[in-house]
Amino acid sequence: MSSASSEVFLRDGAGQLVKAELHDTILQRHLDDHKHQWKPLIAAQSEQHGHWNWEWKWSHFSPQLSYQFVALECNGQTQGLMIVNTIKRCRIQQQANKHLVYVEYLEAAPWNRRDIPNWVRYKGVGTVLLAAAIQLSIDEGNHGRIGLHSLPQADTFYRDKCGMTDLGPDASYSPKMPLRYFEMTETQAAAFIH
Amino acid sequence: MSKRTMTLNLTEREMQVLDELCAKKGLNKTALMRQALRLYQAVDTRLEQGDKLMFENEEKKEKSELVVL
């Protein structure tokens, strides 16, 4: 599988800008990094998404055109992974039934998580991946509209930092675990990008 | 991801529907046709797995199966 990559920037622990590459697919080396470098740390922290298996996700979703993939690499190491769905539709009244890009899975490498003290190697992984989802939405003609269900640990990030509209817990996602559904309008997307 | 170009031949009626859907959804023709292809594949995959494609109207309490060939 070939991939195209574009240059983006993250910040290192000292706050300095560092170059990173955003790939428009997930490559075997990204899956290997997840398995051998992320997984042991995630397991040690009992994360809410500790059961996520990116090899399975890749093999299950990659044959389907409705899914697209993004990997973020910096310093030869995978820093973030994302899978989006391009056939879902909006729920906010003002844009109901219009197409959006739905973020199925977004994960930053455990050493980039801000809620784990003294671990942050690169800042901005979640922001860059969300910006990539917005750009994809623009490229698809959806004007930046995106949506996602958030794990509780990320609710504040999507609501306060990204400015997405919080539509509350969604029982249709899972009655046992009704994650909150967040959606971004065209206006919110423009504000986030700028 | 690199893209390839093809010519698509449509009847007047098909082109009219395509234009109408593009206007309604705010998409250009390429985006709409790509969306249609994704949806067709997603539906076909689920049907091959033995699933049914259903439409439900909660207000009217109606449920009907869409038979896709």
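Because the structure is predicted, anything quoted here is derived from the model rather than measured. (Residues numbered from 1 in each chain as written. Chains lettered and ligands numbered in written order. Predicted model: local features only at pLDDT ≥ 70, side-chain atom pairs only at ≥ 80, totals over all residues.)

1. Some points on the overall build of chain A
For clarity, the threshold we go by: Secondary structure elements follow DSSP: runs of H or I no shorter than four residues count as helices, runs of E no shorter than two count as strands, and numbering proceeds from the N terminus. The reference for a compact globule is 2.2 Å times residues^0.38; the radius of gyration itself is calculated from the C-alpha atoms. In this scheme the burial state of a residue depends on its C-beta neighbours within 10 Å: 20 or more other such atoms mean buried, 12 or fewer mean exposed, and anything in between means partly exposed; the C-beta positions come from the backbone.
The helix and strand tally for chain A stands at 5 helices and 9 strands. Secondary structure of chain A in N-to-C order comes out as β-β-α-α-β-β-β-β-α-β-α-β-β-α. Rg of the C-alpha trace for chain A: 16 Å, near the compact-globule value of 16 Å for 194 residues, within the 12% margin. In terms of principal-axis extent, the alpha carbons of chain A reach across some 40 × 35 × 35 Å. The 194 residues of chain A split such that 38% are buried.

2. A short note on the nonpolar core
Quick note on the threshold: A set of buried Ala, Val, Leu, Ile, Met, Phe, Trp, Tyr and Cys residues, joined to one another through C-beta atoms within 7 Å, is what we call a nonpolar core.
Grouped together as the largest cluster of nonpolar side chains are 45 residues, with contacts concentrated most on L72, M82, V84, L129, A133 and I146 of chain A. If you tally residues by element for this core, the top one is helix 3 (residues 125-139) of chain A, at 8 residues.

3. Details of the sheet that holds strand 6 (residues 122-123) of chain A
Residue and element names in this part refer to chain A. Note the following rule: Only strands joined by at least two bridges in the DSSP assignment are considered to pair. A pair of residues counts as a contact when their C-beta atoms, built from backbone coordinates, are within 7 Å of each other. Here an axis means a line fitted to C-alpha atoms, over the contact stretch when the element is a helix, while the angle between two N-to-C directions is reported on a 0 to 180 degree scale.
Taken in spatial order, the 9 strands line up as 6-1-2-3-4-5-7-9-8 in an open sheet, and their pairing is mixed. Of all strands in the sheet, those bounded by a partner on one side alone are strand 6 and strand 8 (165-169). Against the sheet, helix 1 (residues 28-45) engages strand 3 (67-74) and strand 4 (77-85), with an angle of about 110° to strand 4.

4. Digging into helix 3 of chain A
Worth spelling out the cut-off: Here the expected length of a helix is defined as 1.5 Å per residue gap, with one fewer gap than residues.
Across its 15 residues, helix 3 of chain A extends 21 Å between first and last C-alpha, which sits within 8% of the 21 Å expected from 1.5 Å per residue. One or two residues past the end of helix 3 of chain A sits G141 of chain A, with phi positive at roughly 90°.

5. Some words on the pairing of strand 1 (residues 5-12) of chain A
Residues and elements named next belong to chain A. Judged from the 7 bridges that link them, strand 1 and strand 2 (residues 17-23) form a sheet pairing that is antiparallel. What sits directly across from S6, in strand 2, is L22. Here strand 1 hands over to strand 2 after 4 residues, with G15 in that stretch at a positive phi of 85°. Relative to strand 6, strand 1 is paired through 2 bridges, and the arrangement is antiparallel. Bridged to R11 within strand 6 is K123.

6. Focus on the environment of L32 of chain B
Residues and elements named next belong to chain B. One can find L32 in helix 2 (residues 29-48). Along the sequence, L32 and L18 sit 14 residues apart, while their C-alpha atoms lie 8.0 Å from each other. Each residue touching L32, except ones within four places of it in the same chain, is listed here: L18, L21, C22, K25 and L27.

7. A look at helix 1 of chain A
All names here are of chain A. Spelled out, the test is: The quantity called bend is, for any residue, the angle between two axes fitted respectively to the seven residues ending at it and the seven beginning at it.
Relative to the 26 Å expected for 18 residues at 1.5 Å per residue, helix 1 spans 25 Å between its end C-alpha atoms, a close match to the ideal helical length. Bending of helix 1 peaks at approximately 50° at the position of W38, with proline P40 no more than four residues after it. In this structure, the buried side of helix 1 is in contact with helix 2 (54-61), strand 3 and strand 4.

8. Considerations on unusual backbone geometry
At N75 of chain A, a position not held by glycine, the phi torsion is positive, near 55°. On the secondary structure map, N75 of chain A appears in the loop between strand 3 and strand 4. Here K61 of chain B, not a glycine, exhibits a phi torsion of approximately 55°, which is positive. Take K61 of chain B: it is sitting in the loop between strand 1 (54-57) and strand 2 (62-65). Given 7 C-beta atoms within a 10 Å radius, K61 of chain B is considered exposed.

9. Notes on the environment of N142 of chain A
All names here are of chain A. Mapped onto the elements, N142 comes out in the loop between helix 3 and strand 7 (146-150). Take N142: there are 26 C-beta atoms within 10 Å of it, and that puts it in the buried class. Taking the C-alpha atoms as reference points, N142 and K35, 107 residues apart in sequence, are found 34 Å from one another. Other than its neighbours up to four places away in sequence, N142 contacts H99, L100, V101 and S137.

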